[in-house]
Amino acid sequence: MKLVLLGAPGSGKGTQASKISGRYGLPHISTGDIFRENISAKTEIGLRIKRIIDGGDLAPDDITIEIVKERLSAKDCEGGYVLDGFPRNLAQAEALEGFDPPDAVIFIDIPLRKLERRLTGRRSCKVCKGSFHVDFIDDEKVCPDCGGELFIRKDDSTDAVRERFAVYEEQTRPLEDFYRKKGRLKAVNGDNGAEEVFAEIVRAIEGEK
Ligand code: AP5
């Protein structure tokens, strides 16, 4: 099964992709995670994209498409994949159609105005990569799951979040129509708790809705 998770910044793509990956045994491929790993390892790609990503803009299509194409050709993707954060514009969606098109696109639908606080209050774990909201953890600096150090993503500042929303509206929003016209878009209500959203995704994937 080949799945794409589509949704605004903070809509819960990473959260749901990891649940889907656990349930169906699909590799979870997050372009955001791949870029952040490149940035922290100071690779050539990481150095090239750091400022772009920290400011909330999109990395260049040529680099992004190449990374995904190569990743999807790995052995662990033979049985499918769950893509989180790719494609993000029409050029990327067209490219994916050319090399490994998805069977279904799960669109996590939630109004942007509900998301700003989710992102500015997010703390991410350096070790297990989990993410948590300050409202629900005792210590803002210690991961409640693994004890690792929590940090604030640079692009979770208020200015960068607003830029990410603007980029989403302009470049990613058109993908809803792109996949709807292909009959592959499955929208779920993202304005629910993570477990409820996941249950709706499972129903959508297994064709019960
Ligand atoms: P990326 O890492 O993909 O960031 P994003 O799309 O902005 O998404 P987030 O990771 O912020 O949020 P999410 O939707 O995964 O939500 P999450 O589950 O974490 O990309 C980062 C950057 O990399 C981009 O801005 C761009 O620069 C670059 N990039 C990446 N892909 C690219 C591409 N294809 N092309 C070009 N550039 C690219 O949840 C958010 C928070 O909400 C968490 O704290 C979580 O605990 C909480 N939460 C989750 N679900 C719920 C729920 N149901 N109720 C309440 N809280 C919830």
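All values derive from a computational prediction rather than experimental measurement.

**Section: the sheet that holds strand S8 (residues 185–189)**
Here's step 1: The parallel open sheet is built from five strands, whose spatial order is S2-S3-S1-S4-S8. At either end of the open sheet lies a strand with only one pairing partner, and these are strand S2 (28–30) and S8. For this sheet, the mean inter-axis angle between neighbouring strands, taken without regard to orientation, is 25 degrees.
Here's step 2: The pairing of strand S4 (residues 104–109) with S8 spans five bridges and is classified as parallel. Across the sheet, residue Phe107 finds its bridge partner in S8, namely Ala187.

**Points about the packing of aromatic side chains**
Here's step 1: One pass over the full model with this rule turns up one aromatic pair.
Here's step 2: Between Phe178 and Tyr179, the aromatic rings sit 4.9 Å apart at their centres with planes inclined by 90 degrees, giving edge-to-face as the arrangement.
Here's step 3: With relative accessibility at 0%, the residue Tyr179 sits in the buried group.
Here's step 4: The ring of Phe198 has Lys19 sitting right over it, with the charged end atom 5.9 Å from the ring centre.
Here's step 5: When the ring centre of Phe178 is taken as origin, the NZ or CZ atom of Lys182, which lies over that ring, is 4.9 Å away.

**A closer look at the pairing of strand S1 (residues 2–7)**
Here's step 1: By the criterion of burial, S1 is predominantly enclosed, with five of the six residues buried.
Here's step 2: As paired elements, S1 and strand S3 (residues 81–84) share four bridges and run parallel to each other. Looking at S3, one finds that Leu3 is bridged to Val82.
Here's step 3: Pairing analysis gives five bridges linking S1 to S4, with the strands arranged parallel. Bridging across to S4, Gly7 finds its partner in Ile108.

**Overview of the packing of helix H7 (residues 158–172) against helix H8 (residues 174–181)**
Here's step 1: Direction vectors running N to C along H7 and H8 enclose 35 degrees, while the axes themselves pass 6 Å from each other. Facing H7, whose interface residues are Tyr168, Glu169, Glu170, Gln171 and Thr172, H8 presents Pro174, Leu175 and Glu176.
Here's step 2: Considering only residue class, the contact of H7 with H8 consists of three nonpolar, two polar and three charged.

**Concerning empty space enclosed by the protein**
Here's step 1: Tallied over the entire structure, the rule returns one cavity of 30 Å³ or more.
Here's step 2: Of the voids in this model, the largest cavity is the one considered here, and its volume is about 40 Å³.
Here's step 3: Considering the residues around the largest cavity, the lining is formed by Leu5, Leu6, Gly7, Lys13, Gly85, Pro87, Arg88 and Thr172.
Here's step 4: Of the residues belonging to the lining of the largest cavity, the class tally is three nonpolar, three polar and two charged.

Conventions adopted
Residues numbered from 1 in each chain as written. Predicted model: local features only at pLDDT ≥ 70, side-chain atom pairs only at ≥ 80, totals over all residues. Heavy atoms only, no water. Pairing = 2+ DSSP bridges. Helix = DSSP H or I, 4+ residues; strand = E, 2+ residues; numbered from the N terminus. Axes fitted to C-alpha atoms, helices over the stretch in contact; angles between N-to-C directions. Phe/Tyr/Trp six-rings, centres within 6.5 Å; stacked < 30°, edge-to-face > 60°. Buried < 20%, exposed > 50% of the residue type's maximum accessible area, 1.4 Å probe, protein only. Lys NZ or Arg CZ within 6 Å of the ring centre and 35° of its normal. Contact = heavy atoms within 4.5 Å. Nonpolar A, V, L, I, M, F, W, Y, C, P; charged D, E, K, R; others polar. 1 Å grid on protein atoms, 1.4 Å probe; cavity = no way out; pocket = protein on both sides within 12 Å on 5 of 7 lines; lining within 4 Å. Points joined across faces, edges and corners; volume = space filled by probe spheres on them.

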